[in-house]
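For reference, the chains in residue letters:
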Amino acid sequence: MPREQALRQVESLMKSFRPRVEEHLRPIVQEHYPAMIASGDAEYRKMVELSSKMSMVGLACTEIGGHEFDDRRLRIASLFGSCCFLGDSFLDDFGEDTAKEYLDRYELLLTKGWFEIRNDREQLFFVVLGRLFAERDVLDTMLRQAIFGLFLSQKRDVELRRGSAELHSLTRRSRLGVLRSCARDRSGHAITMLALFLVPQLPLRYHGAIFTAGSLIMFIDDHGDCHYDRHYQRLTFMNQVKRPADRLGRIYRESVHRICDGLPHSTGRELLVAFLYRYYVTRLRKHRLERDRGASSWTVYE
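Residues numbered from 1 in each chain as written. Predicted model: local features only at pLDDT ≥ 70, side-chain atom pairs only at ≥ 80, totals over all residues. Heavy atoms only, no water.

## Digging into the nonpolar core
Soluble globular proteins: nonpolar side chains tend toward being buried together.
Step number 1: Ranked by internal contacts, the top residues of the largest apolar core, which has 100 residues, are Met36, Met56, Tyr106, Phe125, Phe133, Met193 and Leu272.
Step number 2: Here this core takes 13 residues from helix H9 (residues 172-198), the largest share from any one element.
Step number 3: Once you skip the residues sitting within four places of it in the chain, Met36 turns out to touch Val29, Asp41, Glu43, Tyr44, Met47, Phe85, Leu86 and Leu124. (Core = buried A, V, L, I, M, F, W, Y, C linked by side-chain atoms within 4.5 Å. Buried < 20%, exposed > 50% of the residue type's maximum accessible area, 1.4 Å probe, protein only. Helix = DSSP H or I, 4+ residues; strand = E, 2+ residues; numbered from the N terminus. Contact = heavy atoms within 4.5 Å.)

Now the structure itself:
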């Protein structure tokens, strides 16, 4: 378990990040997709909460890389969190046809630079993504690899989660292995991408531990979303294993051990480990609560 001081610091930082993140995001949302705020505010608050978490992880990665988490880096982390939230909504919230179409159009954007905006939600996504990409050299080899790694893992996830013929042809053990690697890669590449936007010259020796932290976040997320995913018949590693809470506990302990081995002792490492512990225990609680709230629950979890 992380030190109590580090846990208190994470709580304090999260509280301070929320209003600062909102300063960066609210004007963009009000200009390009005001209906997100007007429609009860729940979706907007979820986006701000995710962006605040990305800011917390981003601060840890920045300090691990030996830099200060200044206002520019907070803006980058806020844009990144917003981009992740909107992109995931196209993948998860509007059906499989929309998810596949989004991936085709996003691939066109990445390879050809073209994105035809059809509504306010897509306009907000494009504006946020454009501002994020303008912050760094997205043709840098490592950052470009992380961007495409995330895209390919998202594409693989959409193909697998409905139970493709390829997946069903495998043994149970092999099927779980495919689902586990897919979850590992999706968030592993995402956090690597965030870290490289914040610290372009992040030492290569730290990448493995940062990737592991991202992967752990995905397993924790999938456990928290277990009932929602099962309702919509989406296959994930965490909703297919026996005794998922026990399995997640083992993944958590092994991942934290690798993170501590792979990163030098620093305030950044302590904050990262403390955040992961906080996220782990709150998502265990979410898993228990969502069992009784139903698949349509839109509770905002801190």
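The rest of the description comes next.
## Topic: unusual backbone geometry
Step number 1: Positive phi, normally seen in glycine, also occurs at Arg243, with a value near 50°.
Step number 2: Looking at the element boundaries, Arg243 is found in the loop between helix H11 (226-231) and helix H12 (244-262).

## A closer look at a positive patch on the surface
Step number 1: Together, Arg172, Arg180, Lys242, Arg243, Arg250, Arg253 and Arg258 line one region of the surface with positive charge.
Step number 2: Among the elements of the structure, H9 and H12 are those that each provide at least two residues to the positive patch.
Step number 3: For the positive patch, the element with the most residues is H12, which contributes three residues.
Step number 4: Here Arg243 falls in the exposed class, since its relative accessible area comes to 61%. (Patch = residues over 30% accessible without salt bridge, like charges linked within 9 Å, V, L, I, M, F, W, Y side chains within 5 Å. Areas by Shrake-Rupley, 256 points an atom, 1.4 Å probe, with all protein chains shown as cover. Salt bridge = Lys/Arg side-chain N within 4 Å of Asp/Glu carboxyl O. Lys, Arg positive; Asp, Glu negative; His and termini not counted. Charge placed at Lys NZ, Arg CZ, Asp CG, Glu CD.)

## Focus on the pattern of salt bridges
Step number 1: Inspection of the entire model under this criterion finds 17 salt bridges.
Step number 2: The partner of Glu135 in a salt bridge is Arg72, with the nearest N and O atoms 2.8 Å apart. Taken together, the residues span a long stretch of sequence, with Glu135 in the loop between helix H6 (120-134) and helix H7 (141-161) and Arg72 in helix H4 (residues 71-92) at a distance of 63 residues.
Step number 3: Accessibility expressed as a relative area gives 33% for Arg72, which makes it partly exposed.
Step number 4: A salt bridge links Asp88 to Arg186, with the shortest nitrogen-to-oxygen separation between them at 3.1 Å. In this pair, Asp88 sits in helix H4 while Arg186 sits in helix H9, placing the two residues 98 residues apart along the sequence.
Step number 5: Classification of Arg186 as buried rests on a relative accessible area of 10%.
Step number 6: Here the salt bridges share partners, and the residues they tie into one network are Glu101, Arg105, Arg118 and Glu122.

## A word on the packing of aromatic side chains
Step number 1: Applying the stated criterion to the full structure yields 14 aromatic pairs.
Step number 2: The interplanar angle of 70° and the centroid separation of 5.8 Å between the aromatic rings of Tyr102 and Phe125 together place this pair among those described as edge-to-face. Placement of the pair is Tyr102 in helix H5 (residues 96-112) and Phe125 in helix H6, with a sequence separation of 23 residues.
Step number 3: On the basis of relative accessibility, which here comes to 1%, the residue Phe125 falls in the buried class.
Step number 4: Put simply, the rings of Phe90, Tyr102, Tyr106, Phe115, Phe125, Phe126 and Phe151 touch in pairs and so form one group of aromatic residues.
Step number 5: When the ring centre of Phe115 is taken as reference, the NZ or CZ atom of Arg105 above it lies at 4.7 Å.
Step number 6: For the cation-ring pair, Arg121 lies above Phe90, with the distance from its terminal atom to the ring centre recorded as 6.0 Å. (Phe/Tyr/Trp six-rings, centres within 6.5 Å; stacked < 30°, edge-to-face > 60°. Lys NZ or Arg CZ within 6 Å of the ring centre and 35° of its normal.)

## Observations regarding helix H3 (residues 42-64)
Step number 1: Taking 1.5 Å of rise per residue, the 23 residues of H3 would be expected to cover 33 Å, and the 33 Å separating its terminal C-alpha atoms lies within 8% of that figure.
Step number 2: With 18 of its 23 residues buried, H3 lies for the most part within the structure.
Step number 3: Immediately beyond the C-terminal end of H3, within one or two residues, lies Gly66, with a positive phi of roughly 85°. (Expected span 1.5 Å × (residues − 1).)

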